[in-house]
Amino acid sequence: MKTPSKFPSNAYFGAALLVVFFFLTCFQAQGQVSSAPKDTLSILKNEKVKYVPYPIYIDASIEIGLGWVGANANAGVYLNRKHAIGLSIFAVGTPSLGDSYNMSCLGLQYSINTILDASTNMMVFYKLESGKVINYRWTTDSPSIVSAQNDIKQSQPYYGRIAAGLRIWCFNFYAALGSTGKLKTNYIKNNGQIGTNSYNFTHFTFGGGLTLPMHKSKKTSTSK
């Protein structure tokens, strides 16, 4: 009696394995294709432009107002990406004929920076300045006044300023408003009469200049 051949059962078993392998391969390929866009989308979503400020900054600008011309220079350090402190040197005067007022100041500066676009280093900034008037002068082209001298003891040589502006790359544009305490100057007329001139340096100016070094930005990507 012949033993039944096992070939048909082996063939069925092999065919079943091929079918299972086919389905597993299809599902794996489909899973890879469907998951690829999700992975790419995840990477794109997690890719960010990181704003990296230098630890120091230097500003230099020219200011022009209604009858006022000035210059401003600042140097300081960033406490973080938003806050900075530094020193400010400010000089302003009236170049017009007649009575002329000029002063130079030294003070402390505090700035708040809000980043709008890290790729172009665009930010809105606000600055507060406060300090001392280190030099001031009042002059006049009146022929009756022969000399003038600052009255340091009777003056209030302090100043304050506030500025708001926009910075793009290394360029800054802003508007500033400032004032001082009363500054007094004693003068002598050609007839020997002594007089006193008391005034405040109040000014509103528009400024523009450079900020160095430039802030830098870099792209970082993280995938979950």
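Description of the structure in this document. Owing to the predicted nature of the structure, the values given are computational and were not obtained by experimental measurement.

### Remarks on the sheet that holds strand E2 (residues 56–65)
1) Next: One closed barrel holds the eight strands; their spatial order is E2-E3-E4-E5-E6-E8-E9-E12, and the pairing between them is antiparallel. Strand-to-strand, the axes of this sheet are offset by a mean angle of 25°, without reference to chain direction.
2) Next: Here strand E8 (residues 158–168) runs beside strand E9 (residues 171–180); their pairing, made up of 10 bridges, is antiparallel. Paired with Arg167 across the bridge in E9 is Asn172.

### A look at the packing of aromatic side chains
1) Next: Tallied over the full model, the rule gives nine aromatic pairs.
2) Next: When the ring of Tyr57 is compared with that of Tyr78, the centres are 5.4 Å apart and the planes differ by 65°; the resulting orientation is edge-to-face. Linking Tyr57 in strand E2 with Tyr78 in strand E3 (residues 69–78), this pair joins segments that are 21 residues apart in sequence.
3) Next: Taking relative accessible area as the criterion, Tyr57 reaches 3% and is therefore assigned buried.
4) Next: On the basis of relative accessible area, Tyr78 is assigned to the buried category, the value being 12%.
5) Next: Considering the side-chain rings of Trp68 and Phe201, the 6.0 Å spacing of their centres and the 70° angle between planes classify their relative orientation as edge-to-face. Of this pair, Trp68 sits in the loop between E2 and E3 while Phe201 sits in the loop between strand E11 (194–199) and strand E12 (203–212), and the two are 133 residues apart along the sequence.
6) Next: Assessed through its relative accessible area of 12%, Trp68 is described here as buried.
7) Next: Connected via pairs of aromatic rings, a cluster forms that spans Trp68, Tyr101, Tyr136, Tyr199 and Phe201.
8) Next: Geometry around Phe90 places Arg161 over its ring, the cationic atom sitting 3.8 Å from the centre.
9) Next: When the ring centre of Phe125 is taken as origin, the NZ or CZ atom of Arg167, which lies over that ring, is 4.8 Å away.

### Notes on the nonpolar core
1) Next: Ranked by size, the top nonpolar core spans 14 residues in total, and within it Met103, Cys105, Val133, Tyr136, Leu183, Tyr199 and Phe201 carry the most contacts.
2) Next: Sorting the residues of this core by element identifies strand E4 (83–93), strand E5 (100–117), strand E6 (122–139) and strand E10 (183–189) as the ones contributing at least two each.
3) Next: Residue contributions to this core peak at three residues, all from E6.
4) Next: Residues in contact with Cys105, not counting those within four places in the same chain, are Ser88, Ile89, Phe90, Lys132, Val133, Ile134 and Tyr159.

### Structural notes on the side chain of Lys127
1) Next: Mapped onto the secondary structure, Lys127 falls in strand E6.
2) Next: Apart from the residues lying within four places of it in its own chain, the contact partners of Lys127 are Asp59, Asn74, Gln109, Tyr110, Ser111, Arg161, Ile162, Ala163 and Arg167.

### What to know about unusual backbone geometry
1) Next: The residue Trp169 is not glycine, and still its phi comes out positive at about 55°.
2) Next: Looking at where Trp169 falls in the secondary structure, it is placed in the loop between E8 and E9.
3) Next: Its relative accessible area of 40% is what places Trp169 among the partly exposed residues.

### Examining the pattern of salt bridges
1) Next: Under the criterion given, the structure shown has four salt bridges.
2) Next: With its nearest N and O atoms 3.6 Å apart, the salt bridge here joins Arg167 to Asp59. One end of the pair, Arg167, is in strand E8; the other, Asp59, is in strand E2, and 108 residues separate them in sequence.
3) Next: For the salt bridge of Glu129 with Arg161, the shortest nitrogen-to-oxygen distance reads 3.5 Å. In this pair, Glu129 is assigned in strand E6 and Arg161 in strand E8, connecting sequence segments 32 residues apart. Considered together, Glu129 and Arg161 belong to a single accessibility category, that of buried residues.
4) Next: Because the salt bridges share partners, they merge into one network encompassing Asp59, Lys127 and Arg167.

Quick notes on the rules
Numbering of residues begins from 1 in every chain and follows the order in which that chain's sequence is written. Local features in a predicted model are, by the rule used here, given only for residues with pLDDT of at least 70; side-chain atom pairs are given and counted only at 80 or more, and totals for whole chains, interfaces and linings are based on all residues. To obtain the side-chain values, all non-hydrogen atoms of the structure were included, while hydrogens and water were left out. At least two bridges found by DSSP between two strands are what make those strands a pair. Segments assigned H or I by DSSP are reported as helices when at least four residues long, segments assigned E as strands when at least two residues long, and all are numbered from the N terminus. In this analysis an axis means a line fitted to C-alpha atoms, helices contributing only their contacting stretch, and an angle means the value between N-to-C directions, from 0 to 180 degrees. Stacked, tilted and edge-to-face are the three classes applied to pairs of Phe, Tyr and Trp rings, where Trp contributes its six-membered ring and a pair requires centres within 6.5 Å; stacked means planes under 30 degrees apart, edge-to-face means over 60, and tilted covers the rest. Only protein chains enter the accessibility calculation, which uses a 1.4 Å probe; a residue whose area is less than 20% of its type maximum is buried, one above 50% is exposed, and one in between is partly exposed. Counted as over-ring charges are cases with an Arg CZ or a Lys NZ within 6 Å of the ring centre that also lie within 35 degrees of the ring normal. Nonpolar core, defined: a set of buried Ala, Val, Leu, Ile, Met, Phe, Trp, Tyr and Cys residues in which side-chain atoms within 4.5 Å join the residues together. Contact criterion: two residues are considered in contact whenever any of their non-hydrogen atoms come within 4.5 Å of each other. Each salt bridge in this description consists of a side-chain nitrogen of Lys or Arg and a carboxyl oxygen of Asp or Glu lying within 4 Å of one another.

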